[in-house]
Amino acid sequence: MLSIGFIRDNANEVISRLKVKNFDAETIVNEIISLDVERRNNQQLLDDTLAELNKLSKEIGGLFKSGKTDEANEAKRKTTELKEKSKELNKSYSEIEKQLFSKIVELPNIPHSSVPKGNSEDDNEIVKSNAEIPELGGKALPHWELAKKYDIIDFELGNKLTGAGFPVYKGKGAKLQRALINFFLDEAEKAGYNEVQPPILVNEDSGFGTGQLPDKEGQMYFVGLDNLYLVPTAEVPVTNIYRDVILNANDFPVKNTAYTPCFRREAGSYGKDVRGLNRLHQFDKVEIVNIAHPNHSYEILDQMVSYVESLVSKLGLPYRILRLCGGDLSFTSALTYDFEVFSAAQEKWLEVSSVSNFESYQANRLKLRFKEEGEKKTKLAHTLNGSALALPRILAALLENNQTNEGIKIPEVLQKYTGFAIID
RNA sequence: GGAGAGAUGACCGAGUGGCUUAAGGUGCUCGCCUGGAAAGCGGGUGUGCAGCGUGAAACUGUACCGAGGGUUCGAAUCCCUCUCUCUCCGCCA
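This is a predicted model, so every value here is computed, not measured. (Residues numbered from 1 in each chain as written. Chains lettered and ligands numbered in written order. Predicted model: local features only at pLDDT ≥ 70, side-chain atom pairs only at ≥ 80, totals over all residues. Heavy atoms only, no water.)

Participant: For this particular structure, what's the right way to read the protein's contact with RNA strand B?
Facilitator: If you check the shell around RNA strand B, you find 24 residues, and the closest are Arg39, Gln43, Lys65, Lys371 and Thr378. The sugar-phosphate share of atoms of RNA strand B within 4 Å of the protein amounts to 78%. Interatomic distance of 3.1 Å between a side-chain N/O atom of Lys83 and a phosphate oxygen of RNA strand B. Broken down by secondary-structure element, the contributors of at least two residues to the surface near RNA strand B are helix 3 (26–65), helix 4 (69–104) and strand 14 (369–371). Looking at the surface near RNA strand B, the element that brings in the most residues is helix 3, giving 13 residues. Across the surface near RNA strand B, the residue classes break down as 6 nonpolar, 7 polar and 11 charged. (Near = heavy atom within 4 Å. Polar contact = N/O pair within 3.5 Å; in protein donor to acceptor, adjacent residues only side chain to side chain. Helix = DSSP H or I, 4+ residues; strand = E, 2+ residues; numbered from the N terminus. Nonpolar A, V, L, I, M, F, W, Y, C, P; charged D, E, K, R; others polar.)

This is how it looks when you write it as structure tokens:
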């Protein structure tokens, strides 16, 4: 969420810049400003009342000790009114604060100045395209048919065990999954990322910290008996490692990577591009998460984009990089680059990575702060994350693009992980 | 799952209603001392919100001793609820 001080000092800027996200913030911002004034007035009264009460209590203590019981009882009588007053002020304070909070969390993050205007994915800006699209000829099969032909992914079996969107990887398919995970983790480590293996169930505080809760509650699987959520991405547990943490400026940049399965209910997206591996309820992903100094977070973002680009290049996949327009940008993001690879039999671009800078939006929820060298005051850090990479669509593109009469060729970089060069 | 014991600052640890402004120690840091260091001595050392200022700081008020309520003029301390940790038993990959 945006910090109240920033909204207070930059109300007009907040309103105008949120228009890029097609978000009309005027009413909310005005409500926030007036609630903020109300809150501060209320706090002043409350603090004064409590100060007076504290002073009296101390005096009463002294009077009792020196045996002046009558005077003490007299003073006690005076506190009654103050106590009632402070109770009321306390109540109104929490009420105002609650309202203020509920308004502030309604505001999305402010988009970066480079974010293009636009309403949908059609308005995203293509930053780079390396689309040497392979010629497959007429008899190219989509990946779900290849999966069946070589018996490497079993969608029906997943239906039996769980339901739609939970495929079973078999034989060389399972091994290829494992190879991709190891390849991605090894590459991340080479790029300076520290590997962590977090829990894949998280509590409500964690869900709030990265912004999944309260808005996107319906998108996560919820284990009601224990009040826990299955992670939709490793971003949630890995970023929340730093919840309520105060870093030193020289700790930056903090770079973590994690492999986790990811669980998404995908409510409301039934029937659209869900064939095969295109959209699943459970999938594997390696995520990279950075915590950065505010002055350097956009350099870090560029580094992350280059890093992800190196992965898709090494896998030999045709790709393009998009800068998301305001309308397509997520609620919490200030700037997002999407990576898409071309899946040649479906003749479709598939999103395989999303790399974002959240600036201090998540950090404010997380209370993730840092101190400059020698300074006492804390400041909010910047958080960033990116998929590096999400497996299913990578797999879909690899299968489709590398199919030959002899079988499916495995990219050279993966062969030392798979132990085979072809699926036949 | 059963029984018991706990949760105090960066860390250890005292504190059973007001001489607590959270003792004492460790760590860190600044100063003195020193050729330099160690030791020693002295000072400082949390977070949020608000006020005052606005370059920041300082200063003032307030809240925070696992979380949330309650009792009281006054709560780290008493009461209630919850969460978590440890020990033993049970179960178990």
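The structure having been displayed, the exposition proceeds.
Participant: Would you mind showing me how to read the pattern of salt bridges here?
Facilitator: Tallying each qualifying case throughout the model produces 17 salt bridges. We note a salt bridge from Lys170 to Asp154, for which the minimum N-O separation is 3.1 Å. Taken together, the residues Lys170 in the loop between strand 3 (168–169) and helix 7 (172–190) and Asp154 in strand 2 (residues 153–154) connect sequence positions 16 residues apart. Here Asp154 falls in the buried class, since its relative accessible area comes to 17%. When the shortest N-O distance is used, the salt bridge between Arg279 and Glu266 registers 3.4 Å. Here the residue Arg279 occupies a position in the loop between strand 9 (254–263) and strand 10 (282–292), and Glu266 occupies one in the loop between strand 9 and strand 10, the gap between them amounting to 13 residues. Salt bridges here are not isolated pairs; linked through shared partners, they connect Arg8, Asp36, Arg39 and Arg40. (Salt bridge = Lys/Arg side-chain N within 4 Å of Asp/Glu carboxyl O. Buried < 20%, exposed > 50% of the residue type's maximum accessible area, 1.4 Å probe, protein only.)

Participant: So what exactly am I meant to see when it comes to the domain arrangement of chain A here?
Facilitator: Accessible area lost on assembly of the parts is the figure often given for the size of an interface. Domain boundaries assigned for chain A yield domain 1 (4–104) and domain 2 (121–423). The gap between the C-alpha centroids of domain 1 and domain 2 is 44 Å. Across the boundary between the two partners, domain 1 contributes 4 residues, which contact 8 residues of domain 2. Carbon and sulfur atoms make up 55% of the area that domain 1 and domain 2 hide from each other, which totals about 400 Å². Interface area lost by domain 1 to domain 2 is led by Val20, Lys21 and Phe101, which between them contribute 77%. Counting across the interface, domain 1 meets domain 2 through 0 salt bridges. Where domain 1 packs against domain 2, one counts 3 residue pairs in polar contact (both at pLDDT 80 or more). Per-class residue counts for the side of domain 1 that touches domain 2 are 2 nonpolar, 1 polar and 1 charged. (Domains from an automatic or database assignment. Contact = heavy atoms within 4.5 Å. Buried area = accessible area lost by both parts, 1.4 Å probe.)

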